[in-house]
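Residue strings, one per chain:
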Amino acid sequence: MPCHAGGGTLAILATLAGFAAACREETPPTAERLVPEVAGVAAVRTSELHAGPAVPVAEIRNPYEGDSRALEDGRRYYNWFNCTGCHGGRGGGGIGPVLADNDWIYGGSPAQIFESIVKGRPNGMPSFGGQIPEARLWMIVAYVESLSEASGEDQRHDARAEGTGPR
Ligand code: HEC
């Protein structure tokens, strides 16, 4: 398998969300149908985490974690879908908040970033759920994650451990 994200997580995602094809940047045929309900996240949450709904979504990992090619594609999609227009080049901020730091309104874990993009957020963040296939969304998430890492302020692991949600 060309992807080297954590074996268990990836296997589950591959089964549930048709992610196997995503490794080759092909859009899985089911993705468009799945994205509007954030089915990937919901499915992973219920099947992978056995301790019940109290387990934070923050535990969910990006299937493209550590994949430099996906990161580069994510950067491209970030520009294509005009995230730049509101969040600035390299997430420096504009109409939308700075993404290249660790000051998250809705949480900086991969699943929380994914949700921000898919569902939108009330104060001016549009929902991209119906527009971007799930595989590409995760590539964008990988890129957004990399912005705060590049800024040298990576506190994502704290957020994960605490399961911080919107604050
Ligand atoms: C029309 C302007 C606009 C566009 C386009 C836009 N955003 Fe946003 N975004 C916002 C605003 C405004 C917020 C803050 C929303 C709030 O506070 O409720 C936000 C919030 C977010 C958040 C949550 C930040 C946090 O601190 O928790 C993420 C992640 C995000 N956007 C990523 C993206 C990505 C990726 C794209 C491109 C696919 C994108 N945005 C496109 C305006 C935009």
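Only a predicted model underlies this, so the values are computations on that prediction, with no experimental measurement involved.

Visitor: Summarise the overall build of the protein chain; cite the residues concerned and give the values.
Guide: Helices and strands together make up the secondary structure of the protein chain, namely 8 helices and 0 strands. In sequence order, the protein chain lays out its α and β elements as α-α-α-α-α-α-α-α. Buried positions account for 36% of the 167 residues belonging to the protein chain. Of all intrachain contacts in the protein chain linking residues separated by at least 6 positions in sequence, the fraction that spans at least 24 positions is 68%.

Visitor: Tell me about the packing of helix H4 (residues 68-80) against helix H7 (residues 134-150), residues and numbers included.
Guide: Closest axis-to-axis distance for the H4/H7 pair is 7 Å, and the angle between their directions is 95°. In terms of orientation, H4 and H7 fall into the roughly perpendicular class. Seen from H4, the contacting residues are Ala-70, Leu-71, Asp-73, Gly-74, Arg-75, Tyr-77 and Tyr-78; seen from H7, they are Arg-136, Met-139, Ile-140, Ala-142, Tyr-143 and Ser-146. Split by residue class, the contact of H4 with H7 holds 8 nonpolar, 2 polar and 3 charged.

Visitor: Describe helix H6 (residues 110-119), naming the residues involved and giving the relevant values.
Guide: Most of H6 sits out of view: 9 of its 10 residues are buried. Of the residues making up H6, those classed as buried are Pro-110, Ala-111, Gln-112, Ile-113, Phe-114, Glu-115, Ser-116, Ile-117 and Val-118. One or two residues past the end of H6 sits Gly-120, with phi positive at roughly 80°.

Visitor: Residues and numbers for the site of the ligand, please.
Guide: Cys-83, Cys-86, Gly-96, Asn-123 and Gly-124 are the nearest of the 26 residues found near the ligand. Those elements giving two or more residues to the shell around the ligand turn out to be helix H5 (83-87), H6 and H7. It is H5 that provides the largest number of residues to the shell around the ligand, a total of 4 residues. Looking at the shell around the ligand residue by residue, the class counts come to 18 nonpolar, 7 polar and 1 charged.

Visitor: Lay out the environment of Gly-92 in plain terms, naming residues and giving numbers.
Guide: Along the chain, Gly-92 falls in the loop between H5 and H6. Judged by the 14 C-beta atoms lying within 10 Å of it, Gly-92 is partly exposed. Taking the C-alpha atoms as reference, Gly-92 lies 9.0 Å from Leu-147; in sequence the two are 55 residues apart. Excluding its chain neighbours within four sequence positions, the residues that come into contact with Gly-92 are Val-98 and Ala-100.

Visitor: How would you sum up the nonpolar core? Please name residues and give values.
Guide: Counting residues in hydrophobic clusters, the biggest one holds 22 residues, and the most contacted among them are Phe-114, Leu-137, Trp-138, Met-139, Ile-140, Val-141 and Ala-142. Where this core is concerned, the elements lending two or more residues are H4, H6 and H7. Among residues more than four places away in sequence, those in contact with Ala-142 are Asn-62, Tyr-64, Glu-65, Asp-67, Ala-70, Leu-71 and Gly-74.

Visitor: Outline the confidence of the model for the protein chain, listing residues and values.
Guide: For the protein chain, the average pLDDT comes to 73, and 56% of its residues sit at 70 or higher. Of all secondary-structure elements in the protein chain, the lowest mean pLDDT belongs to helix H2 (residues 31-34), at 40, while H5 reaches the highest, 98. In the predicted structure, residues 3-7 sits below a pLDDT of 50 and forms 11 contacts with residues beyond four places in sequence or in another chain. Note that pLDDT drops below 50 for residues 10-40; the model gives that stretch 61 contacts with residues more than four away or on any other chain.

Visitor: Tell me about the packing of H6 against H7, residues and numbers included.
Guide: In the contact formed by H6 and H7, the axes pass within 9 Å of each other and the chain directions differ by 120°. Classed by the angle they form, the pair H6 and H7 counts as oblique. Crossing handedness for the pair H6 and H7: right-handed. Residues Pro-110, Ile-113, Phe-114, Ile-117 and Val-118 of H6 form the contact with H7, whose participating residues are Leu-137, Trp-138, Ile-140, Val-141, Val-144 and Glu-145. Its residues assigned to classes, the contact of H6 with H7 comprises 10 nonpolar, no polar and 1 charged.

Visitor: Tell me about unusual backbone geometry, and name the residues and values.
Guide: The backbone of Asn-82 sits at a positive phi, close to 60°, despite the residue not being glycine. Inspection of the secondary structure puts Asn-82 in the loop between H4 and H5.

The rules behind the values
- Residues numbered from 1 in each chain as written.
- Predicted model: local features only at pLDDT ≥ 70, side-chain atom pairs only at ≥ 80, totals over all residues.
- Helix = DSSP H or I, 4+ residues; strand = E, 2+ residues; numbered from the N terminus.
- Buried ≥ 20, exposed ≤ 12 C-beta atoms within 10 Å, placed from the backbone.
- Contact = placed C-beta atoms within 7 Å.
- Axes fitted to C-alpha atoms, helices over the stretch in contact; angles between N-to-C directions.
- Parallel < 35°, antiparallel > 145°, perpendicular 65-115°, else oblique.
- Nonpolar A, V, L, I, M, F, W, Y, C, P; charged D, E, K, R; others polar.
- Near = placed C-beta within 6 Å.
- Core = buried A, V, L, I, M, F, W, Y, C linked by C-beta atoms within 7 Å.
- pLDDT = per-residue confidence, 0-100.
- Left-handed = near helix turned anticlockwise from the far one by under 90°.

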